[in-house]
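Here is how the chains run, residue by residue.
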Amino acid sequence: MKARNTLLGATPYPVETALTKLGADLRTARLRRNLTSEEAAQKIGTSRFTVADAEKGKPSTNVAVYAALLWAYGLIDGLADLADPSNDEEGARLARMREPARARHRRRTLSNDF
C-alpha cells in the first residue's frame, strides 16, 4: 500500500492560499489567450482534468504541471528565480549569524621535514 502524503491532508494555510492564487492566475492566463483547457492540456501533454486541477490549486497536482502551464503561456521566466539565494534575506541573515565573529590564526605545527 502506498503511503499517503500528510501534506495533502493538512496543507498549511499559506501554501493553500498561494496554490489557489497560482491556479486562478493560470486560469486567467489561459482565458486571455483564448485557449480551452483541452488545448492547454494538449500543448503540455496532459489531460484537461489535470489542467483543471492545477487551476483549482490542488496540492496533489505535480509541480511540473504548474511549470508546464507557465511555459505554455509564456510566463516561465519568473519560475527560476523563485528561490534565488540573492533574494533570500532571512537565509542570508541566518548564515551571517553562524559565521565566526573573528578569524583565528592557525597554529603552525613543527614538522620534521625541514
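Rules behind the numbers
- Residues numbered from 1 in each chain as written.
- Predicted model: local features only at pLDDT ≥ 70, side-chain atom pairs only at ≥ 80, totals over all residues.
- Heavy atoms only, no water.
- Salt bridge = Lys/Arg side-chain N within 4 Å of Asp/Glu carboxyl O.
- Helix = DSSP H or I, 4+ residues; strand = E, 2+ residues; numbered from the N terminus.
- Buried < 20%, exposed > 50% of the residue type's maximum accessible area, 1.4 Å probe, protein only.
- Axes fitted to C-alpha atoms, helices over the stretch in contact; angles between N-to-C directions.
- Left-handed = near helix turned anticlockwise from the far one by under 90°.
- Contact = heavy atoms within 4.5 Å.
- Core = buried A, V, L, I, M, F, W, Y, C linked by side-chain atoms within 4.5 Å.

A. Summary view of the pattern of salt bridges. Using the criterion set out here, one finds 4 salt bridges in the structure. Between E55 and R30 there is a salt bridge, with its nearest N and O atoms 2.6 Å apart. With E55 in helix α4 (residues 48-56) and R30 in helix α2 (residues 13-32), the pair connects residues that are 25 residues apart, well separated along the chain. The pair formed by E55 and R30 is uniform in burial state, with each residue classed as buried. Of the charged contacts, one joins D53 and K58 as a salt bridge, the two residues approaching to 3.7 Å between their closest N and O atoms. For K58, a relative accessible area of 34% translates into the label partly exposed.

B. Representation of the packing of α2 against helix α5 (residues 63-72). Where α2 meets α5, the axes come as close as 11 Å, and the angle between the chain directions of the two elements is 35°. As α2 runs across α5, the sense of the crossing is left-handed. Mapping the contact onto sequence places L19, L22 and L26 in α2 and Y66, L69 and L70 in α5.

C. Representation of the environment of L69 in the model. Relative to the helices and strands, L69 resides in helix α5. Taking relative accessible area as the criterion, L69 reaches 0% and is therefore assigned buried. As for L69 and A41, which are separated by 28 residues in sequence, their C-alpha atoms are 8.5 Å apart. For L69, the contacting residues outside a window of four places in its chain are L26, A40, I44, V51 and A54.

D. Molecular detail of the nonpolar core. With 14 residues, the main nonpolar core has L26, I44, L69 and Y73 as its most contacted residues. Mapped onto this core, the elements with two or more residues apiece are α2, α3 (37-44), α4 and α5. For this core, the element with the most residues is α5, which contributes 5 residues. Excluding residues that lie within four positions of it along the chain, L26 makes contacts with E55, Y66, L69, L70 and Y73.

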